[in-house]
Amino acid sequence: MALTCKLGFLPQPFHTTKNLTTTTKFPPTLRFSLKLQGQPKLRSVVKMSATEVTIPTISYDSFTVKPPLHPTYDLKGIIKLALAEDAGDLGDVTCLATIPFDMEVEAYFLAKEDGVVAGIALAEMIFNEVDPSLKVEWSKNDGDFVHKGLQFGKVHGRAHNIVVAERVVLNFMQRMSGIATLTKAMANAASPAYILETRKTAPCLRLLDKWAVLIGGGRNHRMGLFDMVMIKDNHISTAGGVTNALKAVDLYLEKNSLQLEVEVETRTLEEVEEVLRYASQTKTSLTRIMLDNMVVPLPNGDVDISMLKEAVRLVNGRFETEASGNVTIDTVHQIGQSGVTYISSGSLTHSVKALDISLKIDTELALKVGRRTGRA
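All figures in this text were calculated on a predicted structure; none of them were measured in a lab.

A.B. asks: So, the nonpolar core: which residues are in play, and what are the values?
C.D. replies: The nonpolar side chains of soluble globular proteins are, as a tendency, buried together. By size, the foremost hydrophobic cluster in this structure holds 54 residues, and its most contacted members are Phe109, Leu122, Phe152, Leu208 and Trp211. A total of 11 residues in this core trace back to one element, the largest contributor, which is helix α4 (residues 159-190). Setting aside residues no more than four positions away along its own chain, Trp211 makes contact with Phe63, Val65, Lys66, Pro67, Pro68, Leu75, Ala121, Leu122, Met125 and Met176. Ranked by size, the runner-up nonpolar core spans 41 residues in total, among them Ala189, Val249, Phe319 and Val332.

Now the structure itself:
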């Protein structure tokens, strides 16, 4: 056989997930299984709920960065769906034909470009779903920087099952790492403002996309339509103006005894003034004012933020402010100097450039090929 167990080296010591017992709060219906190192026979099923529960073998707190909360998202279901999509009705026919089922190997994660790694915790869940006996170890955590050519993790166990899990693990990790890498760059440039993503995420991958933003050092905007009132242009047009929309929201929240953050979109300085006038005359649940498309692109590639700065001056700290529109890695620093609280960018998740990561059994050959092609 071409497979061998003498497979490269690791430049840094690996760590394993800690075995903890704790009581903590978890997001509802988020479910997965995760095997602890040193306990090859144990499969610990973790059920996430909105109530406090005690997990006997692993703590959600052991994650470097926890996923955001969602009341209905089934993370384990997403993993199962991704694996089923790959396996179809026959399974991995190439593995079945070429790899003895009981052969054990080690495979190594290799970074093929510089960036911020994300999806390590998710990768462990996927490997566990395929084969709970697989042992996964890492020299990096979610949110750490990796450089091209670095071996930053390994998985040991049945070669057949490692290869079956490989593409699903990498698809998630590459996307999440790409999001985390861009988020880190934009979050650093935006300071002192905070960078946010939007709901412009891949369908059914929203929690993972937003998790990657957190790993990259950003903050989450609303998860969906249910966890924040966000009065946008179409709501305003339908309601007959900003004031009417705000009144309707305040009445709805009071009638239904709901306490939610409320954001309203403004597109002109006149709308900002109208919002402030309403808030000065009425008890309101408003918490944030979006200043939309007040960053004006210039022919030379620069941006004019004078309108944005004037809007921030008008608000004068009475509400949080959020700049939106024309936000790029080139403009975000200038926007961040305007005094806004937040800067939101759909590009973090809707225009993802995946970070190139591979999982290789024969790392020496992989590095040789990578050097030949400039990818290691």
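A.B. asks: For the pairing of strand β16 (residues 320-324), give the residues involved together with the corresponding values.
C.D. replies: Taking burial as the measure, the 5 residues of β16 include 4 buried ones, the bulk of the element. Sheet topology places strand β13 (residues 286-292) next to β16; 5 bridges connect them, and they run parallel. Across the sheet, the residue bridging to Ile289 is Thr321, located in β16.

A.B. asks: Which residues make up the environment of Val312, and what values go with them?
C.D. replies: When you line up the elements, Val312 lands in helix α9 (residues 306-315). Take Val312: its relative accessible area is 15%, and that puts it in the buried class. Sequence separation between Val312 and Thr341 is 29 residues, and the spatial gap between their C-alpha atoms is 9.3 Å. Aside from chain neighbours lying at most four places away, what touches Val312 is Leu291, Thr321, Ser338, Gly339 and Val340.

A.B. asks: Please provide a residue-by-residue account of the pattern of salt bridges, values included.
C.D. replies: Taken as a whole and assessed by the stated rule, the structure comprises 12 salt bridges. For Arg158, the salt bridge is made with Asp131, and the minimal N-O distance between the two is 3.8 Å. With Arg158 in strand β9 (residues 151-158) and Asp131 in the loop between α3 (120-130) and β7 (135-138), the pair connects residues that are 27 residues apart, well separated along the chain. For Asp131, a relative accessible area of 7% translates into the label buried. Linked through salt bridges whose partners overlap, the residues forming this network are Glu263, Arg288, Glu320 and Glu322.

A.B. asks: I'd like a rundown of the pairing of strand β12 (residues 262-266), residues and numbers included.
C.D. replies: Where burial is concerned, most of β12 is hidden: 5 out of the 5 residues are buried. Where burial is concerned, the two faces of β12 agree: the one with Val262, Val264 and Thr266 and the one with Glu263 and Glu265 are both buried. Pairing of strand β11 (residues 229-231) with β12 involves 3 bridges; the strand directions are parallel. When the bridges of β12 are listed, Met230 appears paired with Glu263. As judged from the 5 bridges shared by β12 and β13, these two strands associate in the parallel manner. Looking at the pairing, Val262 lines up with Leu286 of β13. A crossover connection joins β12 to the parallel β13 through helix α8 (residues 269-281); in handedness this β-α-β unit is right-handed.

A.B. asks: Can you break down the sheet that holds β9 residue by residue, with the values?
C.D. replies: Taken together, the 4 strands give an open sheet; going across it, the order is β7-β9-β5-β18, and neighbouring strands pair in antiparallel fashion. One side of each edge strand has no neighbouring strand; the edge strands of this open sheet are β7 and β18 (357-360). Neighbour-to-neighbour, the strand axes of the sheet open up by a mean angle of 15°, direction not taken into account. Bridging between strand β5 (residues 104-111) and β9 involves 7 bridges; their strand directions are antiparallel. If you follow Phe109 over to β9, its bridge partner there is Gly153.

A.B. asks: Outline the packing of α4 against helix α5 (residues 206-215), supporting the account with residue identities and numerical values.
C.D. replies: It is the contact of α4 with α5, at a shortest axis distance of 8 Å, that shows an interaxial angle of 45°. Viewed along their axes, α4 and α5 adopt a mutual orientation that is oblique. For the crossing formed where α4 meets α5, the hand is right-handed. When α4 is examined against α5, the residues Phe172, Arg175, Met176, Ile179, Ala180 and Thr183 are found in contact with a partner set consisting of Leu208, Asp209, Trp211, Ala212, Val213 and Ile215. Looking at the contact of α4 with α5, its residues break down into 9 nonpolar, 1 polar and 2 charged.

A.B. asks: Give me the side chain of His70: which residues, what numbers.
C.D. replies: Inspection of the secondary structure assignment puts His70 in the loop between β4 (52-55) and α1 (75-87). On the basis of relative accessible area, His70 is assigned to the buried category, the value being 14%. Only 3.0 Å separates the side chain of His70 from the backbone nitrogen of Thr72, close enough to count as a polar contact. Here the side chain of His70 touches Tyr73 through a polar contact of 3.0 Å, landing on its backbone nitrogen.

A.B. asks: Quick one: what's the story with the packing of α8 against α9, residue by residue and with numbers?
C.D. replies: Axes are the key here: two packed helices are described by the angle between their axes and the distance separating the axes. Orientation of α8 relative to α9, taken along the N-to-C sense of each, is 10°, at an axis distance of 10 Å. As far as their axial angle goes, α9 and α8 are roughly parallel. Every residue of α9 that contacts α8 at Leu269, Val272, Glu273 and Leu276 is listed here: Met307, Glu310, Ala311, Leu314 and Val315. Looking at the contact of α8 with α9, its residues break down into 7 nonpolar, no polar and 2 charged.

Thresholds applied
Residues numbered from 1 in each chain as written. Predicted model: local features only at pLDDT ≥ 70, side-chain atom pairs only at ≥ 80, totals over all residues. Heavy atoms only, no water. Core = buried A, V, L, I, M, F, W, Y, C linked by side-chain atoms within 4.5 Å. Buried < 20%, exposed > 50% of the residue type's maximum accessible area, 1.4 Å probe, protein only. Helix = DSSP H or I, 4+ residues; strand = E, 2+ residues; numbered from the N terminus. Contact = heavy atoms within 4.5 Å. Pairing = 2+ DSSP bridges. Salt bridge = Lys/Arg side-chain N within 4 Å of Asp/Glu carboxyl O. Right-handed = clockwise from strand over helix to strand, strands pointing away. Axes fitted to C-alpha atoms, helices over the stretch in contact; angles between N-to-C directions. Parallel < 35°, antiparallel > 145°, perpendicular 65-115°, else oblique. Left-handed = near helix turned anticlockwise from the far one by under 90°. Nonpolar A, V, L, I, M, F, W, Y, C, P; charged D, E, K, R; others polar. Polar contact = N/O pair within 3.5 Å; in protein donor to acceptor, adjacent residues only side chain to side chain.

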